[in-house]
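# Structure at a glance
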Amino acid sequence: MKFNEYLPQAHLPPATLEALAAAVDANMAHYVTVLADLVSVPGVAWAGFDPHALDLSARQVQDLFRAGGFADLSIIRTADQTGAEGAPGVVAKRPAAEGFPTVLLYAHHDVQPAGPLDAWGSEPFSAVEKDGRLWGRGVADDKAGIVMHLAAIHAVDSVLGPDHGLGLAVFVEGEEEAGSPSLQGFMADYGQELLADAAIVADSGSWKIGIPGLTTSLRGLVDGTICVRVLDHALHSGTYGGPVLDALAILARLMATFHNADGSVAVEGLVEGPVECLDMDEETFRRDAGVPEGVQLAGTGTITSRLWSKPALSFVGLDSQPIATAGNVLLPEATVKFSLRLPPGNHPDQAMEAVRRHALNNVPFGAKVTFTPGSKSMPFRADSNHPMVQAALWSLEKAWGAQPVSMGVGGSIPFVAALAAAQPQCSIIITGAEDPDSRAHGANESVHLGELRNAILAEALFLTALQGGVPTRTRSLEGRG
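What counts, and where the lines are drawn
Residues numbered from 1 in each chain as written. Predicted model: local features only at pLDDT ≥ 70, side-chain atom pairs only at ≥ 80, totals over all residues. Heavy atoms only, no water. Helix = DSSP H or I, 4+ residues; strand = E, 2+ residues; numbered from the N terminus. Expected span 1.5 Å × (residues − 1). Buried < 20%, exposed > 50% of the residue type's maximum accessible area, 1.4 Å probe, protein only. 1 Å grid on protein atoms, 1.4 Å probe; cavity = no way out; pocket = protein on both sides within 12 Å on 5 of 7 lines; lining within 4 Å. Points joined across faces, edges and corners; volume = space filled by probe spheres on them. Nonpolar A, V, L, I, M, F, W, Y, C, P; charged D, E, K, R; others polar. Axes fitted to C-alpha atoms, helices over the stretch in contact; angles between N-to-C directions. Parallel < 35°, antiparallel > 145°, perpendicular 65-115°, else oblique. Left-handed = near helix turned anticlockwise from the far one by under 90°. Contact = heavy atoms within 4.5 Å. Pairing = 2+ DSSP bridges. Polar contact = N/O pair within 3.5 Å; in protein donor to acceptor, adjacent residues only side chain to side chain. Salt bridge = Lys/Arg side-chain N within 4 Å of Asp/Glu carboxyl O.

Put simply, aspartate 141 and aspartate 142 share a cis peptide bond, and its omega is 10 degrees. Examined against the element boundaries, aspartate 142 turns out to sit in the loop between strand E5 (133–135) and helix H3 (143–160). For aspartate 131, which is not a glycine, the phi torsion comes out positive at approximately 55 degrees. On the secondary structure map, aspartate 131 appears in the loop between strand E4 (128–130) and E5.

So, on to H3. Taking 1.5 Å of rise per residue, the 18 residues of H3 would be expected to cover 26 Å, and the 26 Å separating its terminal C-alpha atoms lies within 8% of that figure. By the criterion of burial, H3 is predominantly enclosed, with 16 of the 18 residues buried.

Scanning the model with the defined rule gives three cavities of 30 Å³ or more in all. For the largest cavity, the calculated volume is near 90 Å³. Sorting the residues of the lining of the largest cavity by element identifies helix H10 (387–400), strand E17 (427–431) and helix H12 (449–467) as the ones contributing at least two each. Class assignment for the residues of the lining of the largest cavity results in nine nonpolar, three polar and one charged. By volume, the second largest cavity amounts to about 70 Å³. Taken together, Ile76, Arg77, Thr78, Ala87, Gly89, Phe171, Glu173, Gly174, Glu175, Ser182, Leu183 and Phe186 form the lining of the second largest cavity. Going through the elements one at a time, strand E6 (167–173) and helix H4 (183–190) are the ones with two or more residues in the lining of the second largest cavity.

Okay, the packing of H3 against H12 next. For the pair H3 and H12, interaxial distance at closest approach is 8 Å and the crossing angle is 50 degrees. Viewed along their axes, H3 and H12 adopt a mutual orientation that is oblique. With respect to the hand of their crossing, H3 and H12 are arranged in right-handed fashion. Contacts from Ala144, Val147, Met148, His149, Ala151, Ala152, Ala155, Val156 and Leu160 in H3 reach Leu452, Ala455, Ile456, Glu459, Ala460, Leu463, Thr464 and Gln467 in H12.

Ordered by their spatial adjacency, four strands build an open sheet running E11-E13-E9-E14, and the pairing between neighbours is antiparallel. Lying at the two open borders of the sheet, with one neighbouring strand each, are strand E11 (312–319) and strand E14 (368–377). Within the sheet, the average angular offset between the axes of one strand and its neighbour, ignoring direction, is 20 degrees. Bridge count between strand E9 (residues 220–229) and strand E13 (residues 333–342): ten bridges; the pairing is antiparallel. For isoleucine 226, the partnering residue across the bridge sits in E13 and is valine 336.

With that settled, the discussion passes to the pairing of strand E7 (residues 198–202). In terms of burial, E7 is largely enclosed, as five of its five residues are buried. Neither face of E7 is open: one carries Ala198, Ile200 and Ala202, the other Ala199 and Val201, and all of them are buried. In terms of strand pairing, strand E3 (residues 102–108) meets E7 through four bridges, oriented parallel. Bridging across to E7, leucine 104 finds its partner in alanine 199. The pairing of E7 with E17 spans five bridges and is classified as parallel. Opposite alanine 199, over in E17, you have isoleucine 428 as the bridge partner.

This part takes up the side chain of glutamine 467. Secondary-structure assignment places glutamine 467 in helix H12. Side-chain polar atoms of glutamine 467 contact the backbone oxygen of histidine 164, separated by 3.1 Å.

The next thing to look at is the environment of valine 405. With respect to the helices and strands, valine 405 occurs in strand E16 (residues 405–409). For the pair formed by valine 405 and proline 212, sequence separation is 193 residues and the distance between their alpha carbons is 6.5 Å. Residues within four places of valine 405 in sequence aside, it is in contact with Trp207, Ile211, Pro212, Gly213, Leu214 and Leu278.

Two side chains carrying opposite charge are able to pair once their charged atoms lie near each other. For the structure shown, the criterion picks out 16 salt bridges. Two residues, glutamate 85 and arginine 77, come together in a salt bridge whose shortest N-O distance is 3.9 Å. Here glutamate 85 falls in the exposed class, since its relative accessible area comes to 60%. Judged by relative accessible area, which is 33%, arginine 77 ranks as partly exposed. One salt bridge in this structure joins arginine 287 and aspartate 288, with 3.6 Å as the shortest N-O distance. Given the relative accessible area of 58%, arginine 287 is considered exposed. Its relative accessible area of 29% is what places aspartate 288 among the partly exposed residues. Taken together, the shared-partner salt bridges connect Asp55, Arg77 and Glu85 into one network.

Here you go:
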């Protein structure tokens, strides 16, 4: 069977469509419970958090895929570039039958820290179902992705039979939210075990509730720290203040040079990517982002071009004297962490150098600057005309009953860039169960259960279309005739 022969006109018999939808619906309550159980494990891959929670989370995922029919399972750790051991990831495989494609399914089981608990309406690691949504840290980003794969496989196996022939490879990463520091080592050591014709990366979402989206572009990322030093030691601000500016004042002036007056990025050497036709109105963006009335938006051009096609630089952390213990002293040193999102057309190495050069060239009053590069990942852009992408759009339309949109996402998924480099022949499909109000990374993260159901069905439809859409037993009888 040659799957490229029927992908361009992806379709399934109505009875198969109905059977898949029925299988998904019959098991939704079970998988909502599975998702709630996943949320209960606070696996954070950042330094300073309990590593045992990540181990428990990985074993939980391994057990779920074992129960889902995978006999070939491993929990894998690889070293990062410093030699430190990475967080545990889960790999599961089912080999393809002769003539059938293999699909790689990706998600991640680690989550962001909860942040201030008083900002949450419920306990972050105890999932709560309310108003048609399930609430909890990681419920959307990205434990919903794990459930998508499990439930879609269950539906396909139920309708087609477990011996349907489609190959499946699963990678559930354990450190995506920490920038995937050991991913390079993982791909070098285990990448050959994940060879696939297509990959479903379940770490994105829909355009809005009721309108599915296929993510066809991602911004890349570079981050790092910039430290300024102005003194050998702290000084009494009354005795010495005036002739010397403190490090925090110097750092603030340097930080201000990274943006133009309109809020656009002022770092030379960065380029803009292709502008998408799809746009959103400012009112919708303000509502989804929670931007108060009177606060002006930064940059120029359409909202989506600012989100997807232009660089965006943020300062996401500051090391200085805490206010609670601040005395009247001139601080000798202050450090800020930057995060720069890169649209397609930029290379992370060149972007990192551009930020370093900007910091050194713009530091005021001759302060000493130490630039320390951090993580980086490539931007991504899919070929919207590829048969696999067209099949994914078809599956989204059937699942939602609405015309899907091809959209960009301003965030980054390190695995996508790594997979695109390692397997250029693999068509990468980026989907997920998030919607604009999921509040991933923030307080009160949630997933809309109707969107989750549709995302599961869309994945089941896509997998069934690649398989050929004919139950195993029926195909066997046809072959005899």
